[in-house]
Amino acid sequence: MALREIRLLGDDVLREPAAPVESFDEDLRALAEDMWETMYHADGIGLAAPQIGISKRLIVVHPRRSDERAEQEEYEPLALVNPRVVESSGQTDKEIEGCLSIPGMEEYVERPLDVRVEAQDLDGSPLELKAEGLLGRALQHEIDHLDGVLFIDHLSPLKRRLLMKRWRKALAER
Ligand code: NI
């Protein structure tokens, strides 16, 4: 296993649609292991392959108790290959989101409350899950990454402009 470098906002790879995974081999498993390690090390609850510069449709997600939002819920670590949201509830909610590719930036994002996701596991077997709450939100956030979409894209243009201004200022001061 190895820690990978997390790509930051401004890196083109974050804006490219990722390619479907076709080989379910040892390399894919090793990539997922690296992504878990990188995610835990950065104290994140999800990571998409493009965030480490690999433009492939693979995400790892693990909301857990160390994240205050996880509260009573405890989830298993998940690796989803070629995941897609096939159904989402009409009901939405607004919660704080952040992204390992945009460190220091957090904002409320409105998303559907429940989603049904179809994907494959690391062996290529199909799987389906229904998710709500923090897990549902994390899945939607990570699947967005595979289409080059970031959480700031869900904000109003005004709010996004404000946050981007702050982001550039923080970058300049670093
Ligand atoms: Ni993210």
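Keep in mind that what you see is a predicted model, and the values were worked out from it rather than measured.

### A few points about the coordination of the nickel ion
As a benchmark, a tetrahedral metal site with four donors has ideal angles of 109.5 degrees, while an octahedral site with six donors has ideal angles of 90 or 180 degrees. For the nickel ion, the full set of protein donor atoms is Cys99 (SG), His141 (NE2) and His145 (NE2), and the range of their distances to it is 2.1 to 2.3 Å. Expressed as a motif, the donor residue spacing for the nickel ion is C-x41-H-x3-H. Of the two residues, Cys99 is situated in the loop between β4 (92-97) and β5 (107-112) and His145 in helix α2 (residues 133-146); the sequence distance between them amounts to 46 residues. Judged by its relative accessible area of 1%, His145 is buried.

### Structural notes on the environment of Glu132
Locating Glu132 in the fold gives a position in strand β7 (residues 126-132). You can call Glu132 exposed: its relative accessible area is 51%. Sequence separation between Glu132 and Pro112 is 20 residues; the distance between their C-alpha atoms is 8.7 Å. Apart from the residues lying within four places of it in its own chain, the contact partners of Glu132 are Tyr75, Leu113 and Asp114.

### Quick look at the sheet that holds strand β3 (residues 78-88)
The five strands are arranged β1-β2-β3-β6-β7 in an open sheet whose pairing can be described as antiparallel. For this open sheet the edge positions go to β1 (46-48) and β7, each flanked by a neighbour on one side alone. Ignoring strand direction, the axes of neighbouring strands in this sheet form an average angle of 40°. Relative to β7, strand β6 (residues 114-120) runs antiparallel, the two being bridged by seven bridges. Within the sheet, the bridge partner assigned to Asp114 lies in β7 and is Glu132. Contacts between helix α1 (residues 26-41) and the sheet are confined to β1, β2 (58-61) and β3, with β2 contributing the most and set at about 40° to the helix. Packing of α2 onto the sheet brings it into contact with β1, β2, β3, β6 and β7, and relative to β2 it is tilted by some 155°.

### Let's talk about α1
Its 16 residues give α1 an end-to-end C-alpha distance of 22 Å, which sits within 8% of 22 Å, the value for a rise of 1.5 Å per residue. Along α1, the residues that are buried comprise Leu28, Leu31, Ala32, Asp34, Met35, Trp36, Thr38 and Met39. Elements in contact with the buried residues of α1: β1, β2 and β3. Following α1 by one or two positions, Asp43 adopts a phi angle in the positive range, close to 60°.

What counts and what doesn't
- Residues numbered from 1 in each chain as written.
- Predicted model: local features only at pLDDT ≥ 70, side-chain atom pairs only at ≥ 80, totals over all residues.
- Heavy atoms only, no water.
- Donors = N, O, S within 2.8 Å, 3.2 Å for Na, K, Ca; no water.
- Helix = DSSP H or I, 4+ residues; strand = E, 2+ residues; numbered from the N terminus.
- Buried < 20%, exposed > 50% of the residue type's maximum accessible area, 1.4 Å probe, protein only.
- Contact = heavy atoms within 4.5 Å.
- Pairing = 2+ DSSP bridges.
- Axes fitted to C-alpha atoms, helices over the stretch in contact; angles between N-to-C directions.
- Expected span 1.5 Å × (residues − 1).

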